[in-house]
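Chains, contacts and geometry: an overview
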Amino acid sequence: MNHYTLAEMRPGLTESFTVTVTQQMMDRFLEITGDCSPIHVDADYAKGRGYPGCVVYGMLGASFFSTLAGVYLPGEHCLLHGVECKFARPIFVGDTLTITGTVAGVSEAVAETEIKAVITNQDGKKVTRGVIRAGLAR
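Attention here is on the structure that accompanies the text. (Residues numbered from 1 in each chain as written. Predicted model: local features only at pLDDT ≥ 70, side-chain atom pairs only at ≥ 80, totals over all residues. Heavy atoms only, no water.)

1. Section: the side chain of T120
Among the structural elements, T120 can be located in strand β4 (residues 112-120). For T120, a relative accessible area of 18% gives the class buried. (Helix = DSSP H or I, 4+ residues; strand = E, 2+ residues; numbered from the N terminus. Buried < 20%, exposed > 50% of the residue type's maximum accessible area, 1.4 Å probe, protein only.)

Following this line, the structure appears as structure tokens:
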């Protein structure tokens, strides 16, 4: 876990990590949220819509923005103020994702940093983009 403080946050500072999406993650997400949309739980339905299999929950992928902020950038001293995200491409079980965040700005006045975030798959294609606003201890 990183321990960046507000004073250490500078535009251009970048951190990243990787994770591989598993069926167990999908099952746990379903259990937690109750989202039983067939695009996520029925492979035949997803294939009928033109996908190779079930589509991973967009919010499961986007949840890694929480990990990015709370563990990597800024890490321990972070309190999320907001996350905006756009889903560019579907994610599938077995995809290896790289989650990267880069500090875009810092506001001393409100003790907040803005982080531009992107999730890319194993083929280097962007699957999710986001803007994270993280509060930090002074």
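Past the structure itself, the notes keep going.
2. Things to note about the side chain of T128
Within the fold, T128 resides in strand β5 (residues 126-136). We classify T128 as buried; its relative accessible area is 1%. In contact with T128, not counting residues within four places along its chain, are F65, C85, K86, F87, A88, I91, A117, V118 and I119. (Contact = heavy atoms within 4.5 Å.)

3. Quick look at the nonpolar core
Taken as a class, soluble globular proteins show a tendency for nonpolar side chains to be buried jointly. Counting 30 residues, the largest nonpolar core has L60, F65, L97, I99 and I132 as its most contacted members. Of all the secondary-structure elements, those providing two or more residues to this core are β1 (14-20), α1 (23-33), α4 (58-62), α5 (64-72), β3 (96-107), β4 and β5. The residues touching F65, leaving out its near neighbours within four places in the chain, are V83, C85, I99, A117, V118, I119, T128, R129, G130 and I132. (Core = buried A, V, L, I, M, F, W, Y, C linked by side-chain atoms within 4.5 Å.)

4. As for the sheet that holds β5
The five strands lie next to each other as β1-β3-β4-β5-β2, forming an open sheet whose pairing is antiparallel. The open sheet is flanked by β1 and β2 (78-87), the only strands paired with a single partner. Averaged over neighbouring strand pairs, the angle between their axes works out to 20° when direction is ignored. Where β2 meets β5, nine bridges bridge the pair, whose relative direction is antiparallel. Directly across from C85, in β5, lies its bridge partner G130. Where α5 meets the sheet, it contacts β1, β2, β3, β4 and β5, and its direction lies at approximately 130° from that of β1. (Pairing = 2+ DSSP bridges. Axes fitted to C-alpha atoms, helices over the stretch in contact; angles between N-to-C directions.)

5. Comments concerning the pattern of salt bridges
Scanning all chains against the criterion turns up two salt bridges. Where K116 meets E114, a salt bridge forms, and the shortest distance between an N and an O atom there is 3.8 Å. Residue class for E114 comes out partly exposed when judged on its relative accessible area of 22%. A salt bridge links E114 to R133; the nearest nitrogen and oxygen atoms lie 2.4 Å apart. With E114 in strand β4 and R133 in strand β5, the pair connects residues that are 19 residues apart, well separated along the chain. Residues joined by salt bridges that share partners form a network here, namely E114, K116 and R133. (Salt bridge = Lys/Arg side-chain N within 4 Å of Asp/Glu carboxyl O.)

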